[in-house]
Every structure is written in C-alpha cells, then in structure tokens.
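Listed below are the residues making up each chain.
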Amino acid sequence: MDFFAGFGFNLRSLSNTHTCDLGHCGVAATQAAAEANGVAHAGTGTGLEEASAPGFITVGDFTIALVAATTSPDERDASHDAVTGVWTGWAEAWIRNIE
C-alpha cells in the first residue's frame, strides 16, 4: 500500500475479484495497510454495511466519495455478501441497503 501512497493515491477501492483470496485475514490486513498509509478506502469491511459504505477524502473545499464493489459472482452470492464482507454490488444488495 505504501507504493500507492507514495504516488499520491489517497483514495482507492479495495474490492476486486481477488480480495477474498486470503480470507478475512487478508481483507483485514489490506484495510490496515491502507489506513497506516493514509489511504481512504471502500468496498470491503466486516460485513455488508461497512463493505458498501463509501470512502471519503477532502480536497480543498470539496469532499470526494468512492463507492466500490466487485462484479464477480462467487461463493458470496450464495450467502448474500456475508462472506468476508466484500460487496458484490448486485442489484439485490443495493435494494437491501436502500430499504
């Protein structure tokens, strides 16, 4: 993560097709690395609510938000996004968050 921060990236998606490769520990370690390097993030969390929450940064007078999701269906689809807290971004997940 220090590589990205070194280039000035301070907001990024952590949700992608390989986010779950190392399970809960990998998700937590990636989040911790982002936070240690001052990189705001979106797309992962300990559950759907955190994983679907936006990441925010402020630049001057502007606040920028990022919402992130992966589009790859896998075992999370069967558990309705409950596995490792990576948001798939499926329409049903959007509806659950809005209602």
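From a predicted model like this one, the values you see are computed outputs, not experimental measurements. (Residues numbered from 1 in each chain as written. Predicted model: local features only at pLDDT ≥ 70, side-chain atom pairs only at ≥ 80, totals over all residues. Heavy atoms only, no water.)

K.L.:
It is not clear to me how the packing of aromatic side chains should be interpreted in this structure. Could you clarify?
P.N.:
How two aromatic rings sit relative to each other is given by the distance of their centres and the angle of their planes. Taken as a whole, this structure holds three aromatic pairs when the rule is applied. Relative to Phe-4, the ring of Phe-3 lies with its centre 5.7 Å away and its plane at 80°, an arrangement referred to as edge-to-face. Overall, Phe-4 belongs to the partly exposed group, its relative accessible area being 32%. The interplanar angle of 70° and the centroid separation of 5.0 Å between the aromatic rings of Phe-3 and Phe-7 together place this pair among those described as edge-to-face. Residue Phe-3 shares its accessibility class with Phe-7, and that shared class is exposed. Taken together, the ring pairs connect Phe-3, Phe-4, Phe-7 and Phe-9 into an aromatic cluster. Lying over the aromatic face of Phe-4, Arg-12 brings its terminal NZ or CZ to 4.2 Å of the ring centre. (Phe/Tyr/Trp six-rings, centres within 6.5 Å; stacked < 30°, edge-to-face > 60°. Buried < 20%, exposed > 50% of the residue type's maximum accessible area, 1.4 Å probe, protein only. Lys NZ or Arg CZ within 6 Å of the ring centre and 35° of its normal.)

K.L.:
How should the layout of surface pockets be read in this particular structure?
P.N.:
Any empty space left between atoms is shown by rolling a water-sized probe over those atoms. Its volume calculated, the largest pocket comes out at about 160 Å³. Forming the boundary of the largest pocket are 13 residues, of which Leu-14, Asn-16, His-18, Thr-19 and Thr-30 lie nearest the centre. Broken down by secondary-structure element, the contributors of at least two residues to the lining of the largest pocket are strand S1 (11–13) and helix H2 (23–36). Of the residues forming the lining of the largest pocket, the biggest block, three residues, is contributed by H2. Residue classes in the lining of the largest pocket are distributed as four nonpolar, seven polar and two charged. (1 Å grid on protein atoms, 1.4 Å probe; cavity = no way out; pocket = protein on both sides within 12 Å on 5 of 7 lines; lining within 4 Å. Points joined across faces, edges and corners; volume = space filled by probe spheres on them. Helix = DSSP H or I, 4+ residues; strand = E, 2+ residues; numbered from the N terminus. Nonpolar A, V, L, I, M, F, W, Y, C, P; charged D, E, K, R; others polar.)

K.L.:
Is there a simple way to think about the environment of Leu-66 in this case?
P.N.:
Inspection of the secondary structure assignment puts Leu-66 in strand S4 (residues 62–66). For the pair Leu-66 and Gly-55, spaced eleven residues apart in the sequence, the C-alpha separation amounts to 5.2 Å. Ignoring any residue separated from it by four or fewer positions in sequence, one finds Leu-66 in contact with Leu-11, Arg-12, Ser-13, Ala-42, Ala-53, Pro-54 and Gly-55. (Contact = heavy atoms within 4.5 Å.)

K.L.:
Even after reading the chapter, I still don't get the confidence of the model for the protein chain, so can you show me in this structure?
P.N.:
Atom-level detail of predicted coordinates should not be read off regions where pLDDT is low. Across the protein chain, pLDDT averages 78, with 71% of residues at or above 70. Here helix H4 (residues 75–78) stands out as the least confident element of the protein chain, with mean pLDDT 48; S4 is the most confident, with 96. (pLDDT = per-residue confidence, 0-100.)

K.L.:
Got a minute to help me understand a nonpolar patch on the surface in this structure?
P.N.:
A surface patch of nonpolar side chains, amounting to about 470 Å² of accessible area, comprises Phe-3, Phe-4, Phe-7 and Phe-9. Structurally, the position occupied by Phe-4 is in helix H1 (residues 2–6). (Patch = residues over 30% accessible without salt bridge, like charges linked within 9 Å, V, L, I, M, F, W, Y side chains within 5 Å. Areas by Shrake-Rupley, 256 points an atom, 1.4 Å probe, with all protein chains shown as cover. Salt bridge = Lys/Arg side-chain N within 4 Å of Asp/Glu carboxyl O.)

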